[in-house]
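# Structural characterization, general
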Amino acid sequence: MTRPLGLLSVLALLSSTGSYAQTSSTNTTITDPASYVDVFIGTTNGGHVFPGATLPHGMVKVGLDTDSPGNQAGYDANATFNATGFSQLHDSGTGGGASLSNFKLWPLPECSSFGECPTSLESRKVLRNILPDGSPDDLGSPGYFATNLSTGIRVEVTASRRVALHRYTFPPSSREPRIVVDITNDGLNSNTEPTIKVDPTTGRVTGGARFQASFGPGRYNAYTCVDFKGDGYDIASPTEYGVYLSDEPVKYSTTFTQLYSGFVSEMGALIGFPPSSNSSDQSTTILARVGVSLISTAQACANAESEIPDFDFDGTWQTAQNTWNELLGRVQVDPQDVDEEIISLFYSSASLHIYLLYRTHIVPADYTDENPRWVSTEPYYDSFYCNWDTYRNLYPLMSLHDPEVFSRIVRGMINIQQHEGWLPECRGATVQQYIQGGSNGDPILSEFFVKFYDYAASLNVSADDLYNALLVDAEDQPDDWDLQGRQTTAWKQYNFIPSDIYAAGGAATKQVSRTLEHSFGDFAISQVSKVLNKTDDFTKYSQRASNFVNVWNANVSLPGHPEIKGMMQPRFASGQWNYTDPRHCSVNDPLQATCYLDATNTDGFYESSPMVYVPHDTAKLIELQGGDESFIKRLDVIFNENYYDVTDEPSMQIPYMYHYANRPGLTTQKTREIISQFYNTSISGLPGNDGAMASYAVFFLAGMYPLPATRQFLLASPYFQQISFFNPLFNTTTTIKASGFAGNPKDGKGGNVFVKSVTIDGEPWKSNCYLEWDVFVKGSTVELELTDDITVTCGDAADALPPSLSTGGYN
């Protein structure tokens, strides 16, 4: 189900305010990219997308919660699910439990009496209005969300960094409008130690509780401060107020503290207001300003008063819209001869992890000044959910157009390492959460430094502190490597993670996946060592980056394909081989085994099968697999027999691996087939959790793919006649032009889309398969000559193939 009404409504609204500019072939600058963002893409079918209001990397993400079983981001676009509240904190694109969703507000149009008002989540929930096409009457754009409830109430929300602003318009029939402030119902119904206080004079509600992390063992505190103001009329004082437990509001009560609420009992406040007498249509509109903090109610109030002092809803929304337009406008595409759906998809779906371009700036979130665990002047970012999801694509995308925020995230990660001992991996609301495939802070810090080392000092990133954080990850073993760090003792002793080492510190799982991830982590560190002229360290970590070969068993074949021989396999400390069926973790697995976090899962892999990849040394994989033709045959089997899983991160680089076998045309076609089959602008338009899927698709649409911690981008052809990246740190714009662009085949097959030759600033370039980072530093014009010949190659130069570790490409 698509949402054309929602998108057109946003465009009409923006046009009426004078901020929407039409594009044409004579004016290809998209001046209002936010108008292309359909925030509802991926809000059903496992995308777990947050469609509410936030700033780029904002702490507050205010939006509608539903009673859907898949409401990890609070919301579900399926109209059959009830609305339950409008909460202030969300994540986007996550798996695991429903995270955050704290401090729901809820409007009640009429009750028979104060004490009879339905205040519990179950009794108050209602459906949304339904549009003629069967979709809910919801509307959204960057920094704004609105819905019309079946009770006749219109709800609108917008946000600053740590404050939400709600606007509730009650119908004329509502002569005693009331608003519920729900303290206890987070997404997991996990609260303990709730407190609340109501000011009878002003109606201010303050409170907080302790909540459970959604993907780990920890708990966190959160606090709120809610103030009310009449929109177009004055509210001297509330007409009624009181604290409620479940469905029992007690009139004129002002405080309540309870050590435990039983994880089920609910507590909050109910505030009543006089109706407006100034409205021409007899409706009443009430503004609710909601500050949040992870430190105290006092700080939540201070945040609210400083960030939105005047309750200016339209001004706050306009500021959010302007902020998004400036950021999104750094990446421009020429819309000529491109389907509007592709333009909308590009600007809409990148995240959380993002998780296309818009989504990459939702998480991680800027929690600066909201860290209760230590005092620091450094930035603090949270909602790393998880680095394993995002290091491959999200941060290289930030390198292209948002390096200053990237530098703040890096500073925050270093500061966490300095106080907790290791770089963060999975993290939410200040709480460590479970590591997935490996500990992947290393490639994120390395990505930043390898590309911006000349600017690190000016961005307040200490090279010494950054390098020390990397070395601690590489050399020191934490007490619990399920939450941070690596199993370094075994890694250094055996040069792989054995299947039968059950030392304290974490579950004996994912040994092969962790071997591959740690190999890449050490590769990333080696690249920082090279920049810093630490020759011995460069040699050491480059050698450790080759440890993936220690879990390569040349004697294992794919069942049914004896010619597909050689697999990554689990191995014992003695050197003897264990065995995992190469079909494992795929749709072809005869046991239909799970490859997710499971302490009893001892097969060695996490969200990937033995048909995996090694991103930094594909040349070595080609050698191990018997040469180019054998390698291409294996890739074809991976795609043709559904071993490729678009929803799992270890599959992400696989389409671009044809490049290394000198067949970039196959890469181009395969990436386009993936976009055609798995991505669209419907509410189910993402193939998996948005945290990784969005930035992944941005690169496919841009005709590139990154290898983190290097200065190269693999190259295909973009979906646009022209795409440009403005980097504010360099104050340069790099433009990639597709000469001979004739549109994009609907099914991704064929077309004039294959790269025949490349020039940079008018000079022939050595490769049709990759670009160097210097192109984006100086600001260049890259022109791709396109052809319909899928047999194109990387070129004839000695270094036309993309670099690999074993061929000396990174020496």
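Keep in mind it's a predicted model, so treat the numbers as computed, not measured.

From N to C terminus, the protein chain includes 18 helices and 31 strands. What you see for the protein chain is a C-alpha radius of gyration of 27 Å, in line with the 28 Å of a compact globule of 811 residues. Along the first, second and third principal axes, the C-alpha set of the protein chain runs to 80 × 65 × 55 Å. Looking at the protein chain as a whole, 64% of its 811 residues qualify as buried. Considering the protein chain, the positive charge centre built from 51 side chains and the negative charge centre built from 91 side chains are found 2 Å apart.

Another aspect to go through is the state of the cysteines. In total, this model carries five disulfides according to the counting rule given. C386 shares a disulfide with C426; S-S distance 1.7 Å. Disulfide C386-C426: torsion about the S-S bond near 115°, hence right-handed. Here C426 lies in strand β20 (residues 426-428) and C386 lies in the loop between β19 (381-382) and α6 (387-390), a separation of 40 residues in the sequence. Each member of the pair, C386 as well as C426, carries the same accessibility label: buried.

Along the polypeptide, H48 turns up in the loop between α1 (4-16) and β1 (63-66). At 2.5 Å, the side chain of H48 and the backbone oxygen of T94 are in polar contact.

So, on to the side chain of T316. If you trace the backbone, T316 turns up in helix α4 (residues 313-328). Those residues in contact with T316 that sit more than four places away from it in its chain are T158, A159, S160, L165 and I308.

Turning next to the packing of aromatic side chains. Under the counting rule described, the total for this entry stands at 39 aromatic pairs. Seen in terms of ring centroids, F211 and Y220 are 5.7 Å apart; in terms of plane orientation they differ by 35°. Their pairing is tilted. Taking 5.5 Å as the distance between ring centres and 80° as the angle between the ring planes, the aromatic pair formed by F406 and F448 counts as edge-to-face. In this pair, F406 sits in helix α8 (residues 403-420) while F448 sits in helix α9 (residues 441-452), placing the two residues 42 residues apart along the sequence. Under the relative-accessibility criterion, F406 is labelled buried at 0%. You can call F448 buried: its relative accessible area is 0%. Ring-pair connections join several aromatic residues into one group, and the members of that group are Y395, F406, F448, F452, Y455, F699, F713, F725, F730, W773 and F776. Positioned above the aromatic ring of W773 is the side chain of K451, whose terminal nitrogen or guanidinium carbon lies 5.6 Å from the ring centre.

This part is about the confidence of the model for the protein chain. Of the residues in the protein chain, 93% have a pLDDT of 70 or more, and the chain-wide mean is 90. In this model residues 1-27 is a low-confidence stretch, pLDDT under 50, and it forms 47 contacts with partners more than four residues away in sequence or in other chains. Within the model, the stretch residues 349-355 combines pLDDT values under 50 with 65 contacts to residues more than four positions away or in other chains.

A large share of strand β6 (residues 154-159) lies buried, amounting to five of its six residues. Taken together, the four bridges between strand β5 (residues 144-148) and β6 define a ladder with antiparallel strand orientation. Of the residues in β6, the one forming a bridge with T147 is V155. From the end of β5 to the start of β6, which pair antiparallel, there are five residues, and G152 there has a positive phi angle of about 90°. Here β6 runs beside strand β7 (residues 163-170); their pairing, made up of six bridges, is antiparallel. Among the inter-strand pairings, E156 is bridged to a residue of β7, identified as R167. Once β6 ends, the chain turns through three residues before running back antiparallel as β7.

The next point concerns the sheet that holds strand β17 (residues 331-333). Read across the open sheet, the six strands follow the order β17-β26-β27-β31-β28-β29; overall the sheet is mixed. The sheet is open, and its two borders are formed by β17 and β29 (763-764), each paired with just one other strand. Across six bridges, strand β26 (residues 722-727) lies against strand β27 (residues 732-739) in antiparallel orientation. Pairing of F725 across the sheet is with T734, part of β27.

Thresholds, definitions, all that
- Residues numbered from 1 in each chain as written.
- Predicted model: local features only at pLDDT ≥ 70, side-chain atom pairs only at ≥ 80, totals over all residues.
- Heavy atoms only, no water.
- Helix = DSSP H or I, 4+ residues; strand = E, 2+ residues; numbered from the N terminus.
- Rg over C-alpha atoms; globule rule 2.2 N^0.38 Å.
- Buried < 20%, exposed > 50% of the residue type's maximum accessible area, 1.4 Å probe, protein only.
- Lys, Arg positive; Asp, Glu negative; His and termini not counted.
- Charge placed at Lys NZ, Arg CZ, Asp CG, Glu CD.
- Disulfide = S-S within 2.5 Å.
- Polar contact = N/O pair within 3.5 Å; in protein donor to acceptor, adjacent residues only side chain to side chain.
- Contact = heavy atoms within 4.5 Å.
- Phe/Tyr/Trp six-rings, centres within 6.5 Å; stacked < 30°, edge-to-face > 60°.
- Lys NZ or Arg CZ within 6 Å of the ring centre and 35° of its normal.
- pLDDT = per-residue confidence, 0-100.
- Pairing = 2+ DSSP bridges.

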